[in-house]
Amino acid sequence: MLGPRCAENLENRQSDSDSEFTEDNAATDIESRLDLINKLHVARAGARYSPSESSSQLFRCSKLFYHDITVSGLLPSYPFVPPPRLRISDLVCGILGLLLHDASVDAAPEISEGLAMLQHRGQDACGIVTCGTKGRFFQCKANGMVRDVFDEKAIAKLIGGMGVGHVRYPTAGSSNHAEAQPFYVNSPYGIVFAHNGNLIDTPSLLQFMDATAHRHINTSSDSELLLNLFANNLQQTGKFRINEDDIFAAIGGLMKQCTGAYACVAMLAGFGIIAFRDPNGIRPVGMASRRVNSGRDYLFASESIVADALGFSEWEDVKPGEAVIITRSGVSRKRVAEHAVFAPDIFEYVYFARPDSVLDGISVYRSRMAMGDALAVEVDKVLKECGITVDVVIPVPDTSRVAALNLAQKLNLPYREGFIKNRYVGRTFIMPGQQMRRRNVRRKLNAMALEFSGKNVLLVDDSIVRGTTSEEIIQMAKDVGAKKVIVASCAPPIRHSNVYGIDMPSRTELVAYGRSTEEIAEAIGADLVVFQTLPDLIASVRQFNPSISTFDCSVFTGEYVTGGVTAEYLNQLESLRADNVKNKVTVNSRENKSEGSRVNGFHRRENVVASGGPVNGADDTVGLHNTWNVS
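Residues numbered from 1 in each chain as written. Predicted model: local features only at pLDDT ≥ 70, side-chain atom pairs only at ≥ 80, totals over all residues. Heavy atoms only, no water.

**Student:** I'd like to hear about the overall build of the protein chain, residue by residue, with values.
**Tutor:** Of regular secondary structure, the protein chain possesses 22 helices and 21 strands. Here the protein chain holds 631 residues, and the buried ones make up 61% of them. Within the structure as shown, the protein chain displays about 24,500 Å² of accessible surface, and the carbon and sulfur contribution to it stands at 49%. (Helix = DSSP H or I, 4+ residues; strand = E, 2+ residues; numbered from the N terminus. Buried < 20%, exposed > 50% of the residue type's maximum accessible area, 1.4 Å probe, protein only. Areas by Shrake-Rupley, 256 points an atom, 1.4 Å probe, with all protein chains shown as cover.)

**Student:** Which residues make up the pairing of strand S1 (residues 94-99), and what values go with them?
**Tutor:** Most of S1 is tucked away: six of the six residues are buried. Residue alternation in S1 divides its side chains into two sets, Gly-94, Leu-96 and Leu-98 and Ile-95, Gly-97 and Leu-99, and both sets are buried. Sheet topology places S1 next to strand S10 (residues 295-301); four bridges connect them, and they run antiparallel. The partner of Leu-99 across the bridge, within S10, is Tyr-298. (Pairing = 2+ DSSP bridges.)

**Student:** Kindly report on the nonpolar core, identifying the contributing residues and their values.
**Tutor:** Phe-347, Val-379, Leu-407, Leu-458, Val-460 and Phe-556 are the most contacted members of the largest nonpolar core, which totals 48 residues. Elements with a contribution of two residues or more to this core: helix H11 (347-352), helix H12 (364-386), helix H13 (401-411), strand S19 (456-461), strand S20 (484-489), strand S21 (528-531), helix H18 (534-542) and helix H19 (554-557). Among the elements that line this core, the one with the most residues is H12, at seven residues. For Val-460, the contacting residues outside a window of four places in its chain are Leu-375, Val-393, Ile-394, Pro-395, Val-396, Ser-400, Ala-404, Leu-407, Ala-488 and Cys-490. (Core = buried A, V, L, I, M, F, W, Y, C linked by side-chain atoms within 4.5 Å. Contact = heavy atoms within 4.5 Å.)

**Student:** Can you break down the confidence of the model for the protein chain residue by residue, with the values?
**Tutor:** Residues with a pLDDT of 70 or more make up 74% of the protein chain, whose mean pLDDT is 81. Below pLDDT 50 for its whole length, residues 1-90 participates in 177 contacts with residues either more than four positions away or in separate chains. (pLDDT = per-residue confidence, 0-100.)

**Student:** A description of H13 should follow, citing residues and the corresponding values.
**Tutor:** Quick reminder: α-helices carry 3.6 residues per turn. Residues three or four places apart thus point the same way. Among all positions in H13, only Val-402, Ala-403, Ala-404, Asn-406, Leu-407, Ala-408 and Leu-411 are buried. In this structure, the buried residues of H13 make contact with H12, strand S16 (392-395) and S19. Following H13 by one or two positions, Asn-412 has its phi on the positive side, about 55 degrees.

**Student:** Can you break down unusual backbone geometry residue by residue, with the values?
**Tutor:** Of note, the bond from Gln-181 into Pro-182 is cis; its omega dihedral lies within 30 degrees of zero at 0 degrees. As for its position among the elements, Pro-182 is in the loop between strand S4 (162-168) and strand S5 (183-185). In this structure, Glu-314 is a non-glycine residue whose phi angle is positive, near 55 degrees. Relative to the helices and strands, Glu-314 resides in strand S11 (residues 313-317).

**Student:** Residues and numbers for helix H4 (residues 108-117), please.
**Tutor:** Across the 10 residues of H4, seven count as buried, placing the element largely inside the fold. Listed as buried for H4 are Ala-108, Glu-110, Ile-111, Ser-112, Gly-114, Leu-115 and Met-117.

**Student:** Summarise the packing of helix H7 (residues 202-213) against helix H8 (residues 222-235); cite the residues concerned and give the values.
**Tutor:** H8 packs onto H7 with a crossing angle of 45 degrees between their chain directions and a minimal axis gap of 11 Å. Judged on the interaxial angle alone, H8 and H7 are oblique. The interaxial crossing formed by H7 with H8 has left-handed handedness. When H7 is examined against H8, the residues Thr-202, Leu-205, Leu-206, Phe-208, Met-209 and Ala-213 are found in contact with a partner set consisting of Asp-222, Leu-225, Asn-228, Leu-229 and Asn-232. Taken together, the residues of the contact of H7 with H8 sort by class into seven nonpolar, three polar and one charged. (Axes fitted to C-alpha atoms, helices over the stretch in contact; angles between N-to-C directions. Parallel < 35°, antiparallel > 145°, perpendicular 65-115°, else oblique. Left-handed = near helix turned anticlockwise from the far one by under 90°. Nonpolar A, V, L, I, M, F, W, Y, C, P; charged D, E, K, R; others polar.)

**Student:** Any details on the pairing of strand S7 (residues 260-268)? Residues and values, ideally.
**Tutor:** Of all the nine residues making up S7, nine are buried; the element is thus mostly covered by neighbouring parts of the structure. Where strand S6 (residues 191-199) meets S7, nine bridges bridge the pair, whose relative direction is antiparallel. Within the sheet, the bridge partner assigned to Phe-193 lies in S7 and is Ala-266. Where S7 lies against strand S8 (residues 272-277), six bridges are found, and the strand directions are antiparallel.

**Student:** Tell me about the sheet that holds S10, and please be specific about residues and values.
**Tutor:** In spatial order, the strands read S3-S2-S4-S1-S10-S9-S11; together these seven strands make up an open sheet with antiparallel pairing. This sheet does not close on itself; its edge strands, each paired only once, are strand S3 (137-143) and S11. Averaged over all pairs of adjacent strands, the angle between strand axes in this sheet comes to 15 degrees, irrespective of strand direction.

**Student:** Any details on the sheet that holds strand S13 (residues 330-335)? Residues and values, ideally.
**Tutor:** Strand order in this open sheet of six strands is S5-S6-S7-S8-S12-S13, and the pairing throughout is antiparallel. Looking at strand neighbours, the two that pair on one side only are S5 and S13, the edges of this open sheet. In this sheet, neighbouring strand axes are inclined to one another by 20 degrees on average, regardless of whether the strands run parallel or antiparallel. Strand contacts of helix H9 (residues 244-257): S7, S8, strand S12 (322-327) and S13, with the helix running at about 150 degrees to S12, the strand carrying the most contacts.

**Student:** Now, about the pattern of salt bridges: what can you tell me, with residues and values included?
**Tutor:** Applying the stated criterion across every chain, the model contains 23 salt bridges. Across the salt bridge formed by Arg-147 and Asp-148, the nearest N and O atoms sit 3.9 Å from each other. Taking the relative accessible area as the measure of exposure, Arg-147 reaches 54% and is therefore exposed. A salt bridge links Asp-246 to Lys-239, with the shortest nitrogen-to-oxygen separation between them at 3.0 Å. (Salt bridge = Lys/Arg side-chain N within 4 Å of Asp/Glu carboxyl O.)

**Student:** Got a sec to walk through the side chain of Glu-348? Specific residues and values, please.
**Tutor:** In this structure, Glu-348 sits in helix H11. Classification of Glu-348 as buried rests on a relative accessible area of 2%. Of note is the side chain of Glu-348, whose polar atom sits 2.9 Å from the side chain of Arg-121. (Polar contact = N/O pair within 3.5 Å; in protein donor to acceptor, adjacent residues only side chain to side chain.)

**Student:** Before we move on, can you summarise the packing of aromatic side chains with the specific residues and values?
**Tutor:** On inspection of all chains with the given rule, the structure shows 11 aromatic pairs. A ring pair is formed by Tyr-500 and Tyr-560, whose centres lie 6.1 Å apart and whose planes are at 70 degrees; its orientation type is edge-to-face. One end of the pair, Tyr-500, is in the loop between S20 and helix H17 (517-524); the other, Tyr-560, is in the loop between H19 and helix H20 (567-577), with 60 residues separating them in the sequence. Look at Tyr-500 and you get buried, because its relative accessible area is 0%. For Tyr-560, a relative accessible area of 15% translates into the label buried. (Phe/Tyr/Trp six-rings, centres within 6.5 Å; stacked < 30°, edge-to-face > 60°.)

**Student:** Hey, could you go over the side chain of Ser-367 for me, with residue numbers and the actual values?
**Tutor:** Looking at the element boundaries, Ser-367 is found in helix H12. Among the polar contacts listed, one links the side chain of Ser-367 to the backbone oxygen of Val-364, at a separation of 2.7 Å.

**Student:** Give me the lowdown on the environment of Ala-180, citing residues and values where you can.
**Tutor:** Turning to its location among the elements, Ala-180 is positioned in the loop between S4 and S5. Taking C-alpha positions, Ala-180 is 6.0 Å from Ala-125, a pair spaced 55 residues apart along the chain. Beyond its immediate stretch of four places on either side in the chain, Ala-180 contacts Ala-125, Lys-141 and Arg-168.

**Student:** Could you give an account of the environment of Ala-275, with specific residues and numbers?
**Tutor:** In this fold, Ala-275 is placed in strand S8. Taking the C-alpha atoms as reference points, Ala-275 and Cys-264, 11 residues apart in sequence, are found 5.5 Å from one another. If near-sequence neighbours (up to four positions away) are discounted, Ala-275 is found in contact with Cys-264, Val-265, Phe-300, Glu-322, Ala-323 and Val-324.

Shown next as structure tokens:
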């Protein structure tokens with residue numbers, strides 16, 4: 001007989017299914033589905049990645065700049081249950097792993113400091129798991145900012161000389177502490193895991209977990225799915241103790257099973273830390289070391305800025321399809337995946353990464369300077385065609401500042417800071433709901449009439465996604481007296497969903513979807529909008545590492561480097577990520593009626609409540625005691 005929680009879980013999963021199953025056809029269906037899974041797990045082929053020789057040099061230069069700016073297992077004996085619908089991972093997150101040579105020194109203080117340097121990659125939740133003597137894990141994770149979760153008391157309870165940390169970007173149904181990373185499984189060997197990215201084959205992988213691996217997936221994050229795939233592959237060794245070759249084989253097997261983008265850091269109890277990156281290298285992760293008296297400390301992180309801040313040197317990117325294992329005995333590296341096209345996400349350079357980071361041998365700061373130079377040429381051409389003159393260039397803080405300054409210099413126009421930012425409000429693009437984003441724009445920025453009144457203003461922004469932020473900012477400029485507001489975007493129009501770890505919910509919520517440039521300008525209230533061309537954007541980034549021949553530009557082109565992205569997948573993804581799912585507060589129906597309707601993110605509010613917990617109703621983390629907020 002099923003227990004109440006299992007029965008509820010089974011009932012929920014059956015009600016969520018797209019088709020009906022009976023006990024009579026269950027066995028046949030399982031066999032056919034497993035056969036399909038095996039056919040889906042194919043190796044990829046492509047070009048070899050040659051890393052830039054200038055990566056370390058750029059990293060050293062970035063240090064100077066840094067100082068200047070600052071998944072469910074209920075199958076046995078029960079009727080077959082189809083796999084749950086598509087799940088969403090923790091998107092655009094920050095990951096970190098640290099191993100100190102001296103095991104008697106706690107790693108948690110530095111992990112916390114490193115996560116603070118990655119806070120821009122995720123402001124929804126954070127977590128740290130450390131490993132102490134005899135392989136015991138200590139965990140603290142919760143919703144909130146790094147500075148709020150990891151106070152002195154919390155850090156003091158995180159014992160051990162190595163650990164893994166994570167900061168999370170808000171996603172659909174992910175407000176529960178159990179959804180925060182790092183994740184943990186006790187078998188085999190004790191594994192802690194943090195992940196940045198998104199898988200596009202989760203339904204088949206969940207079916208594999210259910211029907212073959214018999215592993216329970218407790219949350220709606222495919223990060224936990226990745227962890228269990230890794231654990232299952234390690235389990236197949238059947239060894240009492242494993243070695244580096246076993247780990248490489250397990251990760252290689254994982255890469256054959258999974259499709260998507262993933263940069264991962266893991267820790268094996270009493271063994272060491274591990275990092276690996278998907279065969280296309282879409283999401284970033286790198287490593288660095290620091291000499292101490294009797295040896296070396298080692299670091300894995302999403303961005304080089306963490307190494308800057310913690311005094312590490314010799315930054316090097318983990319190569320696509322490569323796994324790196326670090327123990328106190330040494331470092332082992334191996335390419336464990338078939339060769340594939342190296343295609344890092346170009347949006348890291350446009351928006352997500354800090355300007356003082358170096359990713360895959362490319363200075364984010366220098367690439368944004370080049371974006372400004374290229375955009376200036378396009379702006380000059382369009383302004384002349386339209387017969388419009390500009391009095392002042394004003395950036396939309398903060399990401400666009402570098403590009404805006406170069407654009408102003410190239411066009412010989414004055415550059416002014418017209419918006420003053422409240423730094424204690426989060427980034428609006430990663431706010432979990434449309435209404436929350438809209439409310440936070442004016443809390444976040446204040447327009448100074450002195451720089452806008454009576455002027456034709458050129459606002460420079462890194463990109464235009466939903467358009468809600470742009471609409472509010474343009475209105476703010478006009479409210480304080482701007483005559484004309486022209487908007488220049490460092491990125492081309494975003495018209496497609498991102499499936500590799502950037503939360504762009506729905507094509508119909510993207511302001512550029514189905515619209516011309518003129519229609520976009522009208523939708524956001526601008527007098528004119530100028531977009532960077534895609535060739536210019538690619539050239540702005542690629543010039544600093546010509547060995548990278550391809551970038552993931554899927555949000556602009558709709559072309560997905562991994563393949564396997566079908567219309568059905570996109571529809572499921574969009575339904576999960578839509579704001580009406582992520583908005584966890586019921587909007588008053590009276591307010592709904594007064595707002596009217598809205599298309600492509602304009603003039604409509606949804607009256608929906610979303611579940612924010614894991615699939616089995618648990619309200620806390622599983623397996624490890626969570627020391628957060630425990631006296």
